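An overview of the molecular structure
Chain residues, written in single-letter form:
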Amino acid sequence: MPPTTPDAAARALLTLLDEMIAVIAQENELMATGIPGSTSHVVARKRELADIFSRWIATLRSGEIVLAGADRALRARLVEKNEVLRRQMDANVGSLRASMAATRRRIDAIMRAIREQAAPPPSRYGANGRTAGPQEARAIRPGRYL
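Positions within a chain are numbered from 1, following the residues in the order the chain's sequence is written. In keeping with the model being predicted, local features are shown solely for residues with a pLDDT of at least 70 and side-chain atom pairs are shown and tallied solely at 80 or more, while totals for entire chains, interfaces and linings include all residues. With hydrogens and water excluded, all non-hydrogen atoms of the structure serve as input to the side-chain values.

1. Observations regarding the overall build of the chain
Worth spelling out the cut-off: Every helix listed is a DSSP run of H or I at least four residues long, and every strand listed is a run of E at least two residues long, numbered separately from the N terminus. Residues are treated as being in contact if the distance between any of their heavy atoms lies within 4.5 Å. All accessibility values rest on the Shrake-Rupley procedure with a 1.4 Å probe; residue burial counts only the protein chains present in the view.
The helix and strand inventory of the chain stands at 3 helices and 2 strands. Secondary structure elements of the chain occur, N-terminal to C-terminal, as α-α-α-β-β. For the chain, contacts bridging at least 24 residues in sequence account for 62% of all contacts bridging at least 6. Working note: accessible area of the chain is about 10400 Å², and carbon and sulfur atoms make up 56% of it.

Take a look at the structure:
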């Protein structure tokens, strides 16, 4: 059941924001140490909190809960925590992008190695059909030799 007074709602929302900030900060720390975010245990909790936060936003938009009647200090803390959450989310997006770019580079390197291993070996025959020495073999395209 949602809080019935504006002050209780503001305190409940502050608690949610604090937990969201902590979970996102933890995920950012894990990604900074090289642990992929997608394998982290915090991702599931972050999703749960995002769902709860979405429901809060819907409740506020519907007018079911009005925070305007909350204590001024609580409203100021909500604004402050919202800004901290925004900064953490910006850092999180940056970390996720960097993680995806690193994964893309690893995949590209693996694919390059596979292509190099699958390429036929350089031909040992020269243009005249005889066995060519190493100095006679020349590249006609990257990975292809005559």
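2. Notes on the pattern of salt bridges
Basically, it comes down to this: Here, a salt bridge means any Lys or Arg side-chain nitrogen found within 4 Å of an Asp or Glu carboxyl oxygen. Think of it in three bands: residues with accessible area under 20% of the maximum for their type are buried, residues over 50% are exposed, and the middle band is partly exposed, with areas taken using a 1.4 Å probe on protein chains only.
Enumeration according to the criterion identifies 7 salt bridges in this entry. For the salt bridge of Glu19 with Arg45, the shortest nitrogen-to-oxygen distance reads 2.7 Å. With Glu19 in helix H1 (residues 6-32) and Arg45 in helix H2 (residues 42-62), the pair connects residues that are 26 residues apart, well separated along the chain. Looking at Glu19, the relative accessible area reads 32%, which means it is partly exposed. Classification of Arg45 as partly exposed rests on a relative accessible area of 29%. Note that Arg45 is salt-bridged to Glu48, the shortest N-O span being 2.6 Å. Of this pair, Arg45 and Glu48 are both found in helix H2, 3 residues apart, which corresponds to roughly one turn of the helix. Residue classification places Glu48 among the partly exposed residues on the basis of a relative accessible area of 42%.

3. Considering the packing of H1 against H2
Heads up, the condition is: Axis definition: a line fitted to C-alpha atoms, over the contacting stretch in the case of helices. Angles run 0 to 180 degrees between N-to-C directions. By definition in this entry, angles of less than 35 degrees are roughly parallel, angles greater than 145 are roughly antiparallel, angles of 65 to 115 are roughly perpendicular, and the rest are oblique. With the far helix as reference, a near helix turned anticlockwise by less than a right angle produces a left-handed crossing, and one turned clockwise produces a right-handed crossing. Amino acids outside the nonpolar list (Ala, Val, Leu, Ile, Met, Phe, Trp, Tyr, Cys, Pro) and the charged list (Asp, Glu, Lys, Arg) are all regarded as polar, and Gly is one of them.
Orientation of H1 relative to H2, taken along the N-to-C sense of each, is 150°, at an axis distance of 10 Å. Viewed along their axes, H1 and H2 adopt a mutual orientation that is roughly antiparallel. Like other packed secondary-structure pairs, H1 and H2 cross with a definite hand, here left-handed. Contacts from Ala9, Ala12, Leu13, Leu16, Leu17, Glu19, Met20, Val23, Ile24, Gln26, Glu27 and Leu30 in H1 reach Val42, Val43, Arg45, Lys46, Leu49, Ile52, Phe53, Trp56 and Leu60 in H2. In terms of residue class, the contact of H1 with H2 is made up of 16 nonpolar, 1 polar and 4 charged.

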